[in-house]
Amino acid sequence: MSNTQTQSTSTHRISSITQTLKSPKHDTYTDDERFPLYYNTTAALFEANRDLSRAIRKQKRKALMDKFNKLHSKSETPPILPVSPASTAYNTPFDSETETEISKSTRAASPATESESIPKPKKWSDMFQADIPRAASPAPLATGVQALGLVLLRIMYEPGYLPKSKIPILPHGILNTGNICFMNAILQLLLYCEPFYNILRVISQKSAASMGNSKTPLLDATILFLNQFEKTSQDAADQVGQSLNPEHFYKSIIATTRFKHLRWGQQEDAEEFLGYLLDGLHEEFVESICSLSADERTKLLGSVQGETRVKMASALETISRGNSSSGSEEREESEDDEEDGWHEVGSKKKVAVKRTVEVRPSPITVLFGGQFRSVLDIPKNKEAQSITLDPFQHFQLDISDPRAHTLEDCFKLLSVPEMIPYKSSTNHEVMAKKQCFLDNLPKVFIIHLKRFQYFQDDAESDTYGRIEKLRKTIKYSRDLQIPTECLSNYYKKHHKQAESDNNYKLIGVVYHHGTSAAGGHYTVDVVTPDKSNWIRIDDTNVQMVKAEDVVAITDVDGIKSSYILMYERV
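Residues numbered from 1 in each chain as written. Predicted model: local features only at pLDDT ≥ 70, side-chain atom pairs only at ≥ 80, totals over all residues. Heavy atoms only, no water.

Asker: Quick question: what am I supposed to make of the overall build of the protein chain here?
Answerer: Scanning the protein chain for helices and strands turns up 18 helices and 16 strands. For the protein chain, the share of sequence-separated contacts (at least 6 apart) that also reach a separation of at least 24 residues comes to 71%. With the model as given, the accessible surface of the protein chain reaches about 30,800 Å², and the carbon-plus-sulfur share is 51%. (Helix = DSSP H or I, 4+ residues; strand = E, 2+ residues; numbered from the N terminus. Contact = heavy atoms within 4.5 Å. Areas by Shrake-Rupley, 256 points an atom, 1.4 Å probe, with all protein chains shown as cover.)

In structure tokens form, the structure reads like this:
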């Protein structure tokens, strides 16, 4: 077709459509009448079609507004535009230009401002509600929104800041499309740890949302993912929700330095992943507190008093000091051997060197943090004792001793003296006595049973050794009392009035399935928030189980082995 014929045909179409638009009955136009670009054979036609399209849209908007005004002309209150249930608060069923015209008209007739009708997100929960539509949302815990560092300090030290009410959780499976059962099991374990979930919930509702390049990517990803488990009114009749896709969470964490070693499809150790996640959250919390301005710190301390003020001031000092140094401290001091009970004979006072790793506090250390005391008793040495205090967030418990058959046995064997060769400061070869104790117990005790052990090959072997799984059975119960034999006298002295501080209830178990340290599968059992039921989760498979089944020995061949135990102080 020639250019002249094409121009004549297009001109006829324009004239025809223009005449049709003059009819009041014209209410729609077809896709052909939109004049796509390939109809525009010349620049003149392009301009003509563009002007026509604008005229059509203007006519359509006017017709829509006429119908809208006629429908609501007798209404005393401004009409409410319908919003699709599947859309967020920022979308309407109309195209952007139509919405602009209608919303201007509506806002002109309504005393409400734009910020009131479509509020900009100020805190985490606003962003979640936009991304994950809910039929109903829990009532906010507070109206004020504060800096994350301020919220963290209040969580740690302000009594009553964390809610005591039970949070309803709807069980969901988690999709596993790339050997990520290790991650799925740990996320479920932390989700059903009620104190941990409460901390994240308060952070999401009371702290300012991260905008742009976030300084807390692990926190953001964890809150966003776990927020999907909160049960709402529309879930009331459901016992188990649809399985969730963790792809966004996974992509978010591997973008961080701590998790950049993860590879999709590559199996990892669940305990190692748990440690990385808790350490990462701890560091983000500490940095958020460090970033508080002097004015924010002063106002915070001025708003509290008594013991709360003292603890907050001490925490701020420790965090600031740790930010400018290595955070470790080594000093010589006198130790009362009778008080600590590490010497059978000797003088009352012994010179000892104590090495202490100073921990910067965060909600992670307050919840999961404990302290381990290692004592080395050295004869013919300048310092009679070498004492090391090490913090932990999940405790690695040796189960290799043939005498260890129960969890309590493993703890008792912890403090049994061990004789090791040692060269003293006077250059003598001596046998030093080593003992280990628990110096401080956490609120939530994460116990890692050390099932993977390194075995050295004999001298004639060409290999360097191997790692094998210890498939022995370690019995445990729902109630745990930490044996006094493994508690230091320092702990006993400072907890005389709280004998129940070493009593715990089981709230979760992670299992390793398999015979090799190089692979296998992970599943988890967790207790519901009301502590009345147990749930067994194997990726997307979610089922209720009896409490007796959680502590029962069901796999005598060692294929399924308890690997991580989580206890909460009662």
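Asker: Would you explain the environment of Ile-537 in this entry?
Answerer: Locating Ile-537 in the fold gives a position in strand E14 (residues 534–538). Judged by relative accessible area, Ile-537 falls into the buried class, the value being 3%. If we skip the residues at most four places from it in the chain, Ile-537 touches Gln-188, Tyr-192, Thr-523, Val-524, Val-526 and Val-542. (Buried < 20%, exposed > 50% of the residue type's maximum accessible area, 1.4 Å probe, protein only.)

Asker: Would you mind showing me how to read the packing of helix H9 (residues 217–226) against helix H10 (residues 247–254) here?
Answerer: Working note: a packed helix pair is described by the angle between its axes plus the distance between those axes. Contact pair H9 / H10: the axes reach a minimum separation of 9 Å and the direction vectors enclose 170°. When the interaxial angle is binned, H9 and H10 end up roughly antiparallel. Only His-248, Phe-249, Ser-252 and Ile-253 of H10 make contact with H9, whose side of the interface consists of Leu-218, Ala-221, Thr-222, Leu-224 and Phe-225. Its residues placed into classes, the contact of H9 with H10 shows six nonpolar, three polar and no charged. (Axes fitted to C-alpha atoms, helices over the stretch in contact; angles between N-to-C directions. Parallel < 35°, antiparallel > 145°, perpendicular 65-115°, else oblique. Nonpolar A, V, L, I, M, F, W, Y, C, P; charged D, E, K, R; others polar.)

Asker: Please explain the pairing of strand E6 (residues 418–423) as it appears in this structure.
Answerer: Each regular strand carries side chains that alternate between the two faces of the sheet. Where E6 meets strand E7 (residues 429–440), six bridges bridge the pair, whose relative direction is antiparallel. Paired with Met-419 across the two strands is Lys-433, which belongs to E7. Hairpin connection of E6 to E7: five residues between the antiparallel strands, including Asn-427 at a positive phi of 70°. (Pairing = 2+ DSSP bridges.)

Asker: Any chance you could explain the packing of aromatic side chains here in plain terms?
Answerer: Aromatic rings in a pair are described by how distant their centres are and how their planes are angled relative to each other. Under the criterion given, the structure shown has 16 aromatic pairs. Look at Phe-225 and Phe-249: their rings are 5.8 Å apart centre to centre, the planes differ by 40°, and that puts the pair in the tilted class. Taken together, the residues Phe-225 in helix H9 and Phe-249 in helix H10 connect sequence positions 24 residues apart. By relative accessible area, which is 3% here, Phe-225 ends up buried. Consider the rings of Phe-452 and Tyr-563, whose centres lie 5.4 Å apart with planes at 65°: the pair is edge-to-face. Residue Phe-452 is found in strand E9 (residues 452–455), and its partner Tyr-563 is found in strand E16 (residues 560–569); the two are separated by 111 residues along the sequence. By relative accessible area, Tyr-563 is classed as buried at 1%. Connected via pairs of aromatic rings, a cluster forms that spans Phe-372, Phe-392, Phe-395, Phe-411, Phe-445 and Tyr-504. (Phe/Tyr/Trp six-rings, centres within 6.5 Å; stacked < 30°, edge-to-face > 60°.)

Asker: So what exactly am I meant to see when it comes to the packing of helix H8 (residues 194–206) against H9 here?
Answerer: One way to put it is that H8 packs onto H9 with a least axis distance of 10 Å and a crossing angle of 105°. Between H8 and H9, the angle falls in the class roughly perpendicular. In this structure, H8 contributes Phe-196, Tyr-197, Leu-200, Ile-203 and Ser-204 to the contact, and H9 contributes Leu-219, Thr-222, Ile-223 and Leu-226. Per-class residue counts for the contact of H8 with H9 are seven nonpolar, two polar and no charged.

Asker: Can you walk me through the pattern of salt bridges in this structure?
Answerer: What the rule picks out here adds up to 14 salt bridges. The closest approach of N and O atoms between Asp-295 and Lys-299, which form a salt bridge, is 3.3 Å. Note that Asp-295 and Lys-299 are positioned in helix H12 (residues 294–303) at a spacing of four residues, about one turn of the helix. Overlapping salt bridges, with partners in common, bring together Glu-317, Arg-321 and Glu-358 in one network. (Salt bridge = Lys/Arg side-chain N within 4 Å of Asp/Glu carboxyl O.)

Asker: Explanation requested: H12 in the structure shown.
Answerer: Helical geometry: 3.6 residues make up each α-helical turn, so side chains three or four residues apart lie on a common side. Among the residues making up H12, those that are buried are Arg-297, Leu-300 and Leu-301. All buried residues of H12 project into a common sector of 95° when viewed along the axis, lining one side. Opposite the buried face of H12, at more than 90 degrees from it, the exposed residues are Thr-298, Lys-299 and Gly-302. (Arc of directions from axis to C-beta.)

Asker: Would you take a moment to explain the nonpolar core for this structure?
Answerer: Nonpolar side chains in soluble globular proteins tend to be buried together. Phe-368, Phe-411, Leu-438 and Phe-445 are the most contacted members of the largest nonpolar core, which has 112 residues in total. No other element matches the 10 residues that helix H11 (residues 270–290) contributes to this core. Beyond its immediate stretch of four places on either side in the chain, Phe-445 contacts Phe-392, Phe-395, Phe-411, Leu-438, Ile-482, Tyr-504, Leu-565, Met-566 and Tyr-567. (Core = buried A, V, L, I, M, F, W, Y, C linked by side-chain atoms within 4.5 Å.)

Asker: Looking at this structure, how should I read unusual backbone geometry?
Answerer: For residues that are not glycine, phi is negative in most cases, and the peptide bond is trans in most cases. Phi at Asn-427 is positive, roughly 70°, even though this residue is not glycine. If you check the backbone angles, Lys-531 has positive phi at about 60° while not being a glycine. The class for Lys-531 is partly exposed, based on a relative accessible area of 40%.

Asker: Looking at this structure, I do not really get the confidence of the model for the protein chain. What am I missing?
Answerer: Low-confidence regions, as indicated by low pLDDT, have predicted coordinates that should not be scrutinised in detail. Per-residue confidence for the protein chain averages 77 on the pLDDT scale, and 68% of its residues sit at or above 70. When the elements of the protein chain are averaged for pLDDT, helix H3 (residues 96–109) gives the smallest value, 38, and helix H15 (residues 363–368) the largest, 98. Every residue in residues 324–332 scores below 50 in pLDDT, and together they form 18 contacts with partners more than four places removed in sequence or on other chains. (pLDDT = per-residue confidence, 0-100.)

Asker: Please clarify how H8 should be interpreted in this entry.
Answerer: When the terminal C-alpha atoms of H8 are compared, their 18 Å separation across 13 residues agrees well with the 18 Å that a helix rising 1.5 Å per residue should span. Within H8, 13 of the 13 residues are buried, which leaves the element mostly enclosed by the surrounding structure. (Expected span 1.5 Å × (residues − 1).)

Asker: What exactly am I supposed to notice about the environment of Glu-287 here?
Answerer: With respect to the helices, strands and loops of the structure, Glu-287 is situated in helix H11. Once the C-alpha coordinates of Glu-287 and Lys-215 are considered, the two residues, 72 residues apart in sequence, prove to be 8.7 Å apart.

Asker: Help me understand the side chain of Glu-230, please; the structure alone is not making it clear to me.
Answerer: With respect to the element layout, Glu-230 can be found in the loop between H9 and H10. Judged by relative accessible area, which is 8%, Glu-230 ranks as buried. Among the polar contacts listed, one links the side chain of Glu-230 to the side chain of Tyr-197, at a separation of 3.5 Å. (Polar contact = N/O pair within 3.5 Å; in protein donor to acceptor, adjacent residues only side chain to side chain.)

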